[in-house]
Amino acid sequence: MKFGAIPVAQAKGAVLAHSTSAGDHRYRKGHRLGAEDIAILAASGLSEVVVAVLEPDDLGEDEAAEAIAASMRHRHVEVKPAATGRVNLHAREAGVFTVDAGLIDAINAIDPAITVATLAQHATVGKGQMVATVKIIPFAVAGHLVQQASGLCAFSEIFVVNAFVAKRVGMVQTVLPSVKASVLDKTSRLTEHRLARSGSRLTAERRTPHEVPAVAEAAKSLARDHDMVVIFGASALSDFDDVIPAAIRAAGGIVVRSGMPVDPGNLLVLGHIGNTAVIGAPGCARSPKENGFDWVLDRVMAGLEVTGADIAGMGVGGLLMEIPTRPQPRDLSAIPSVPKVHAVLLAAGRSSRMGGPNKLLALFEGKPLVRRAAERVLASKAESTVVVSGHQASRIREALAGLDIPLAHNADFASGLASSLKTGVSALPEDAAGALIVLGDMPEVLPADLDRLIEAFERAEGRAVVRASHDGKRGNPVILPRSLFSAVAHLEGDTGARHLIESEGVDVIDIELGAGAAIDVDTPEALETAGGVLQD
């Protein structure tokens, strides 16, 4: 691939290195120029463009990323379509992610143009979470390099989402006069929440004196009809033959490991009574914050063997005191508030393909389209709504008269969609965890549809993009999490949320809404088909 400025007349088949405007036409970075494009660029007065010229052996960025991703062997992983030279891979099931680090390193060593990034070894993942991404950095890469990467993947499994298997769990809590019943009750509730991420259930609990015989009897009894037993000691482990490890042995079991190089979590005990795993929980497991107990618990729930050597190898990365790396079980006494979603209704466009009339003022059942859209957003669960105006702002304001809805005017609306997104997102309150971006020209999106998107965003605790879809194809509306707000501020031209989602590598949850997610009215024909009547 050759990169640089060349005469426009010689640019057919080349890939634009930068977004380029030619009169009313705007070409995005990465666009492959055809004969018609060359004529338009030349007619606008451009004499040269900065492009990437592909060699005969080169593969385009999307094709190369798809080829490498398709060659990978994995389990419980879904491969998403390529976009902007990137293929994202997502977990089909909740579980624990394991990866062949040597194979990843070998692929990344082939050439800087080819990159593969993954989550950390043994990361706990939710269903739908992104676990890996294949990214081609330039616009194209030599085909023989892609073949080399694909060849490495042919004979070895590169990564796996080890799916959780729901288990029946019994719990023993030992009691001393200094331990309050409220502490024991809270520990039970938090343990139930920890187990919930794997679909497991706490089905029995025993409270015993902090003595070896009592703990051994309770653990042995629970092990007969449970897949796992968790023991919380009223007193911390102070010796490798203290009450919990001694009780496991007294019950006829074996102790795999006492103590672990993870902080918090140092005082964990792992053992087995027959085929039933037994975990002596460290005191920090009474807190919802991540600790070594989570690491061992999740691996066992995912069917992974955890050996003494495995635990001994957890020291690097095991300092967790200031590093919360994933959503934690909630402390029921202080459940955080539901993430707040505020809506942005985009109504600033020029309706250029309508030949003059403003489509947002078209009548649907006697009501302007923009008002119809606004009323539906106001009827949803969104905390508040702001309408972004631009083209014919006074007429949009008149169409919304009487509705309790503020307008944010985008004076730069002619520059493209990005300016309207920036105007809308910047107008949201500081407590907005997500921005529900609603297009004003989608007549079939209902309040119930918007509520489904908001509910999915709430279930994701405000950490994912939630996008409407129809028959597996992406659509609108979309909810952007606050983590993307700063990226919105850097968008330019006619770039919208779709480009942002694809380029930022955020987790995406698609919600099937039916045909309404794909129906917009960009042309007179589409508007008439949808039941609208244009107004002058």
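As annotated in an unreviewed UniProt entry, the chain is Molybdenum cofactor cytidylyltransferase from Aminobacter carboxidus.

Q: Any chance you could explain the overall build of the chain here in plain terms?
A: A count of helical and extended segments in the chain gives 16 helices and 30 strands. Seen along its three principal axes, the alpha-carbon backbone of the chain occupies a region of about 90 × 60 × 35 Å. Evaluated residue by residue, the chain yields a buried proportion of 51% over its 536 residues. Taking as baseline every contact in the chain between residues at least 6 positions apart, the subset at least 24 positions apart corresponds to 71%. As displayed, the chain has an accessible area near 24,200 Å², and 51% of this comes from carbon and sulfur atoms. Taking the average place of the 52 positive charges on the side chains of the chain and the average place of its 63 negative ones, the gap between the two points comes to 4 Å.

Q: Got a minute to help me understand helix α3 (residues 101–108) in this structure?
A: A turn of α-helix holds 3.6 residues, and therefore any two residues three or four places apart point the same way. If you check which residues of α3 are buried, you get Leu103, Ile104 and Ile107. Along the axis of α3, the buried positions cluster into a sector of 100°, meaning they face one direction only. Here α3 starts with a cap whose side-chain oxygen sits 3.2 Å from the backbone nitrogen of Gly102, and that cap is Asp100.

Q: Before we go on, may I ask you to explain the pattern of salt bridges in this structure?
A: A side chain of one charge can pair with a side chain of the opposite charge when the charged atoms of the two come close. Under the criterion given, the structure shown has 17 salt bridges. Across the salt bridge formed by Asp294 and Arg194, the nearest N and O atoms sit 2.7 Å from each other. With Asp294 in helix α8 (residues 292–301) and Arg194 in helix α5 (residues 181–196), this residue pair connects regions lying 100 residues apart in the sequence. Residue classification places Asp294 among the buried residues on the basis of a relative accessible area of 0%. A salt bridge links Lys367 to Glu375; the nearest nitrogen and oxygen atoms lie 2.7 Å apart. Given the relative accessible area of 26%, Glu375 is considered partly exposed. What you see here is one network of salt bridges that share partners, running through Arg194, Arg197, Asp294 and Asp298.

Q: What exactly am I supposed to notice about empty space enclosed by the protein here?
A: Rolled over the atoms, a probe with the dimensions of a water molecule shows which regions are left empty. Taken as a whole and assessed by the stated rule, the structure comprises one cavity of 30 Å³ or more. For the largest cavity, the calculated volume is near 60 Å³. Leu369, Arg372, Ala373, Arg376, Val377, Val438, Leu439, Met442, Pro443 and Val445 are the residues that line the largest cavity. Mapped onto the lining of the largest cavity, the elements with two or more residues apiece are α10 (369–378) and β27 (434–439). Top element by residues in the lining of the largest cavity is α10. It accounts for five residues. Here the residues of the lining of the largest cavity sort into eight nonpolar, no polar and two charged.

Q: What is the right way to read the sheet that holds strand β29 (residues 473–481) from this model?
A: Whether parallel or antiparallel, the strands of a sheet pair through hydrogen bonds between backbone atoms. Taken in spatial order, the seven strands make up an open sheet running β26-β25-β22-β27-β29-β28-β30, and their pairing is mixed. Among the strands making up the open sheet, the edge pair consists of β26 (407–409) and β30 (508–512). Across the sheet, the mean angle separating the axes of adjacent strands is 30° when strand polarity is ignored. Relative to β27, strand β22 (residues 341–347) runs parallel, the two sharing six bridges. Bridge assignment links Leu346 to a residue of β27, and that residue is Leu439. Sitting on the sheet, α10 is in contact with β22, β25 (385–389) and β27, with an inclination near 180° to β22. Contacting β22, β27, β28 (465–470), β29 and β30, helix α13 (residues 447–459) runs over the sheet at an angle of about 55° to β29.

Q: Where do I start with α10 in this structure?
A: The buried fraction of α10 is high, at eight of ten residues. Residues of α10 that are buried include every one of Leu369, Val370, Arg371, Arg372, Ala373, Ala374, Arg376 and Val377, and no others.

Q: Sorry if this is basic, but what is going on with the packing of aromatic side chains here?
A: Each aromatic ring pair is summarised here by two numbers: the centre-to-centre distance and the angle between the ring planes. Tallying each qualifying case throughout the model produces two aromatic pairs. Each ring, one from Phe97 and one from Phe159, has its centre 5.7 Å from the other, and the planes form 40°; the classification is tilted. In this pair, Phe97 sits in strand β10 (residues 95–99) while Phe159 sits in strand β15 (residues 157–163), placing the two residues 62 residues apart along the sequence. The exposure class assigned to Phe97 is buried, which follows from its relative accessible area of 0%. Looking at Phe159, the relative accessible area reads 1%, which means it is buried.

Q: Even after reading the chapter, I still don't get the sheet that holds strand β7 (residues 73–75), so can you show me in this structure?
A: Judged by pairing direction, the sheet is mixed, and its four strands sit side by side in the order β7-β15-β10-β12 without closing on themselves. The sheet is open, and its two borders are formed by β7 and β12 (123–125), each paired with just one other strand. Taken over all neighbouring pairs, the strand axes of this sheet differ in orientation by 20° on average, direction set aside.

Q: Is there a simple way to think about the side chain of Arg376 in this case?
A: When you line up the elements, Arg376 lands in helix α10. No salt bridge is formed by the buried Arg376. Its closest oppositely charged neighbour is Glu444, at 5.4 Å. Among the polar contacts listed, one links the side chain of Arg376 to the backbone oxygen of Pro443, at a separation of 2.6 Å. Ignoring anything within four residues of it in the chain, the contact list for Arg376 reads Pro443, Glu444, Val445, Leu446, Pro447 and Leu450.

Q: What's the story with the packing of helix α2 (residues 61–71) against helix α4 (residues 143–153) in this structure? I'm lost.
A: Any two packed helices are characterised by how steeply their axes cross, that is the angle between the axes, and by the distance between the axes. Running from N to C, α2 and α4 point in directions that differ by 15°, and their axes come no closer than 8 Å. When the axis of α2 is compared with that of α4, the two are roughly parallel. For the crossing formed where α2 meets α4, the hand is right-handed. Residues Ala64, Ala67, Ile68 and Ser71 of α2 form the contact with α4, whose participating residues are Val146, Ala149, Ser150 and Cys153.

Q: Is there a simple way to think about the pairing of β15 in this case?
A: If a strand is regular, its side chains alternate between the two faces of the sheet. Most of β15 is tucked away, with six of its seven residues classed as buried. Where β7 and β15 come together, three bridges link them in parallel fashion. Considered in β15, the bridge of Arg75 is made with Val160. The sheet contact formed by β10 and β15 spans five bridges and is antiparallel. In the sheet register, Thr98 faces β15, and the bridge partner there is Val160.

Q: How do you make sense of the nonpolar core when you look at a structure like this?
A: The tendency in soluble globular proteins is for nonpolar side chains to be buried as a group. Core analysis: the largest hydrophobic core is formed by 39 residues, its most contacted members being Val370, Ile396, Leu400, Leu436, Leu453, Val466 and Ile479. At the level of elements, β22, α10, α11 (393–399), β27, α13 and β28 are the ones that each hand at least two residues to this core. With residues up to four places along the chain from it excluded, the contact list for Leu400 reads Val370, Arg371, Ala374, Val387 and Leu407. Counting residues in each nonpolar core, the second largest holds 34 residues, with Met72, Ala82, Leu89 and Val161 among its members.

What counts as what
- Residues numbered from 1 in each chain as written.
- Predicted model: local features only at pLDDT ≥ 70, side-chain atom pairs only at ≥ 80, totals over all residues.
- Heavy atoms only, no water.
- Helix = DSSP H or I, 4+ residues; strand = E, 2+ residues; numbered from the N terminus.
- Buried < 20%, exposed > 50% of the residue type's maximum accessible area, 1.4 Å probe, protein only.
- Contact = heavy atoms within 4.5 Å.
- Areas by Shrake-Rupley, 256 points an atom, 1.4 Å probe, with all protein chains shown as cover.
- Lys, Arg positive; Asp, Glu negative; His and termini not counted.
- Charge placed at Lys NZ, Arg CZ, Asp CG, Glu CD.
- Arc of directions from axis to C-beta.
- Polar contact = N/O pair within 3.5 Å; in protein donor to acceptor, adjacent residues only side chain to side chain.
- Salt bridge = Lys/Arg side-chain N within 4 Å of Asp/Glu carboxyl O.
- 1 Å grid on protein atoms, 1.4 Å probe; cavity = no way out; pocket = protein on both sides within 12 Å on 5 of 7 lines; lining within 4 Å.
- Points joined across faces, edges and corners; volume = space filled by probe spheres on them.
- Nonpolar A, V, L, I, M, F, W, Y, C, P; charged D, E, K, R; others polar.
- Pairing = 2+ DSSP bridges.
- Axes fitted to C-alpha atoms, helices over the stretch in contact; angles between N-to-C directions.
- Phe/Tyr/Trp six-rings, centres within 6.5 Å; stacked < 30°, edge-to-face > 60°.
- Parallel < 35°, antiparallel > 145°, perpendicular 65-115°, else oblique.
- Left-handed = near helix turned anticlockwise from the far one by under 90°.
- Core = buried A, V, L, I, M, F, W, Y, C linked by side-chain atoms within 4.5 Å.

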